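Residue strings, one per chain:
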Amino acid sequence: YYQSEILNAGFETPVVQDRNYTFLTNGWPNLYWKTTSPGEGINLSRDIELARYVEGDDGEFNTNVTFFPNQPDSGRQIAEINAENFGALYQDIITAPGESLAWEFSHAKRDTTLNGEAMFIILGPTEYAQTVTTYEQLSTLIEQIITGAGYADRTAALDHLNGSTDGNRNSIRYEDPNTKAVYEIWYHNADDGRNDRGEGAWTDLAGAYVVPPKQYRTRLFFVSDPEASGKGGEANYGNLIDSSRAGQYKKYLIEYYEESYDSSNGNTVVRTHIKRDEEGVL
């Protein structure tokens, strides 16, 4: 699929089993998301995991979904990046060079009693990113970005990524000297004291990636971090995401007018300004 924004942004399709988790394969109809991870055991080749919540008789969300502690940030379904293995969910977006690709989503940890669960957000050209098909290759790419951008090690890079500038989370941007591919990464650790089951369980994250020249397709990766998972590095545990969005949105204003005819002046059209809307996005 090639589209100008993320599809199935809230992970609401396909509709999966109530109060449970469901494993899906790459290419599942109306899913649109794909994964770099192959699954394990009986779930081999099924490593995209969605869970669905339903409302109880009292109108509240039923939170008795098997070992999923958080109600959705929006809608009724969520995704877990760590399904059976460390890996990444991704989509490709059509992009215009020189423009800013904005992204946002909500992140929560799966186990409210434990600390940890962290993930990277990576954007780069589909032309080269599509060759990254395994989690090992993703880990190598992250290491290449960190060292290529001049950071001494992972700790130094995360110190930078965990900070913020002008209220926005810091990122690391890197251009591969051989391919000229430009990648940018962000990072978030859900170890921030958000241990309740309600809306406070989710952290809203956002950023923007300026698309390099001649790059008409961009891949967005949501990548689990094996060194910061909810249960000491368990491959099938953690990183719940919801309410994702990504695309190149142009700001616009809407002016409203009313037209009438002045019959006393040869049916002259009279245009009256009604209102002006706030900025939106398109």
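Keep in mind that what you see is a predicted model, and the values were worked out from it rather than measured.

Engineer: So what exactly am I meant to see when it comes to the sheet that holds strand 13 (residues 217–224) here?
Structural biologist: Sheet strands line up and pair through hydrogen bonds in the backbone, either parallel or antiparallel. Pairing within the open sheet is antiparallel, and its 6 strands lie in the order 2-5-13-7-11-10. Both outer strands of the open sheet, strand 2 (34–35) and strand 10 (172–175), are each paired with one neighbouring strand and no more. With 7 bridges connecting them, strand 7 (residues 118–125) and strand 13 associate as antiparallel partners. Residue I122 lies in a different strand from strand 13, and its bridge partner there is F221. Packed onto the sheet, helix 3 (residues 154–161) meets strand 7, strand 10 and strand 11 (182–189) and runs at close to 80° relative to strand 11.

Engineer: Can you help me understand helix 3 in this one?
Structural biologist: Side chains that are three or four residues apart share a direction in an α-helix, a result of its 3.6 residues per turn. All of the buried residues in helix 3 are A157, L158 and L161. Down the axis, helix 3 shows its buried residues gathered within 95° of arc, on one side only. Helix 3 presents T155 and D159 as exposed residues on the side facing more than 90 degrees away from its buried surface. Sitting at the head of helix 3, D153 places a side-chain oxygen 3.2 Å from the backbone nitrogen of T155.

Engineer: How should I be thinking about the side chain of S37 in this particular structure?
Structural biologist: Along the chain, the position of S37 falls in the loop between strand 2 and strand 3 (48–52). The exposure class of S37 is buried, given its relative accessible area of 6%. Polar side-chain contacts of S37 include one of 3.4 Å to the backbone oxygen of F86. Residues contacting S37, with those up to four places away along its chain left out, are D47, N85, F86 and G87.

Engineer: When you look at the environment of A149 in this model, what are you seeing that I'm missing?
Structural biologist: For A149, the position within the fold is in the loop between helix 2 (135–148) and helix 3. When its relative accessible area of 31% is taken as the criterion, A149 is described as partly exposed. Taking the C-alpha atoms as reference points, A149 and Y174, separated by 25 residues in sequence, lie 5.6 Å from one another. Filtering out sequence-adjacent residues up to four positions away, A149 remains in contact with I172, R173 and Y174.

Engineer: Looking at this structure, I do not really get the pairing of strand 16 (residues 255–262). What am I missing?
Structural biologist: When a strand is regular, its side chains alternate between the sheet's two faces. Direction of pairing for strand 16 relative to strand 17 (residues 268–276): antiparallel, over a ladder of 8 bridges. Along strand 17, the bridge assignment pairs D262 with T268. Taking the residues that link successive antiparallel strands as the turn, the strand 16-strand 17 hairpin has 5 residues, and the phi of G266 there is positive, at about 65°.

Engineer: What exactly am I supposed to notice about the pattern of salt bridges here?
Structural biologist: Charged atoms that come close allow side chains of opposite charge to pair. By the definition in use, this model includes 5 salt bridges. With its nearest N and O atoms 2.5 Å apart, the salt bridge here joins R154 to D225. Of this pair, R154 sits in helix 3 while D225 sits in the loop between strand 13 and strand 14 (240–247); the two residues are 71 residues apart in sequence, bridging distant segments of the chain. Across the pair R154 and E227 runs a salt bridge, and its minimum N-O distance is 3.2 Å. Taken together, the residues R154 in helix 3 and E227 in the loop between strand 13 and strand 14 connect sequence positions 73 residues apart. What makes E227 exposed here is its relative accessible area of 61%. Ionic contacts of the salt-bridge type, sharing partners, join the residues R154, D225 and E227 into one network.

Engineer: Just checking my understanding: could you explain the nonpolar core for this structure?
Structural biologist: For soluble globular proteins, the rule of thumb is that nonpolar side chains tend to be buried together. Ranked by internal contacts, the top residues of the largest apolar core, which has 27 residues, are W103, F105, I121, L123, F222 and I241. Contributions of two or more residues to this core are made by strand 3, strand 5 (88–94), strand 6 (100–108), strand 7, strand 11, strand 12 (203–210), strand 13 and strand 14. Those residues within four positions of F105 in sequence are excluded, and the remaining contacts are M119, I121, T203, D204, L205, F222, I241, D242, S243 and S244. Counting 26 residues, the second largest nonpolar core, distinct from the first, contains A118, Y183, Y187 and A228.

Engineer: Would you explain the packing of aromatic side chains in this entry?
Structural biologist: The description of an aromatic ring pair uses the distance of the two centres, along with the angle that the planes make with each other. Inspection of the entire model under this criterion finds 9 aromatic pairs. Both rings, one in Y21 and one in F23, keep their centres 5.6 Å apart while their planes meet at 85°; by these two values the pair is edge-to-face. A residue is classified by how much of its surface remains accessible, and Y21, at 27% relative accessible area, is partly exposed. We classify F23 as buried; its relative accessible area is 9%. When the centroid spacing of 4.5 Å and the interplanar angle of 40° are considered together, the rings of F105 and F222 count as tilted. Within this pair, whereas F105 is found in strand 6, its partner F222 is found in strand 13, the two being separated by 117 residues in sequence. One exposure class covers both F105 and F222, and it is buried. One aromatic cluster in this structure is built from F11, W33, W103, F105, W186 and F222. If you follow R271 out to its NZ or CZ, it ends over the ring of Y257, 4.0 Å from the centre.

Procedures and definitions
- Residues numbered from 1 in each chain as written.
- Predicted model: local features only at pLDDT ≥ 70, side-chain atom pairs only at ≥ 80, totals over all residues.
- Heavy atoms only, no water.
- Pairing = 2+ DSSP bridges.
- Helix = DSSP H or I, 4+ residues; strand = E, 2+ residues; numbered from the N terminus.
- Contact = heavy atoms within 4.5 Å.
- Axes fitted to C-alpha atoms, helices over the stretch in contact; angles between N-to-C directions.
- Buried < 20%, exposed > 50% of the residue type's maximum accessible area, 1.4 Å probe, protein only.
- Arc of directions from axis to C-beta.
- Polar contact = N/O pair within 3.5 Å; in protein donor to acceptor, adjacent residues only side chain to side chain.
- Salt bridge = Lys/Arg side-chain N within 4 Å of Asp/Glu carboxyl O.
- Core = buried A, V, L, I, M, F, W, Y, C linked by side-chain atoms within 4.5 Å.
- Phe/Tyr/Trp six-rings, centres within 6.5 Å; stacked < 30°, edge-to-face > 60°.
- Lys NZ or Arg CZ within 6 Å of the ring centre and 35° of its normal.

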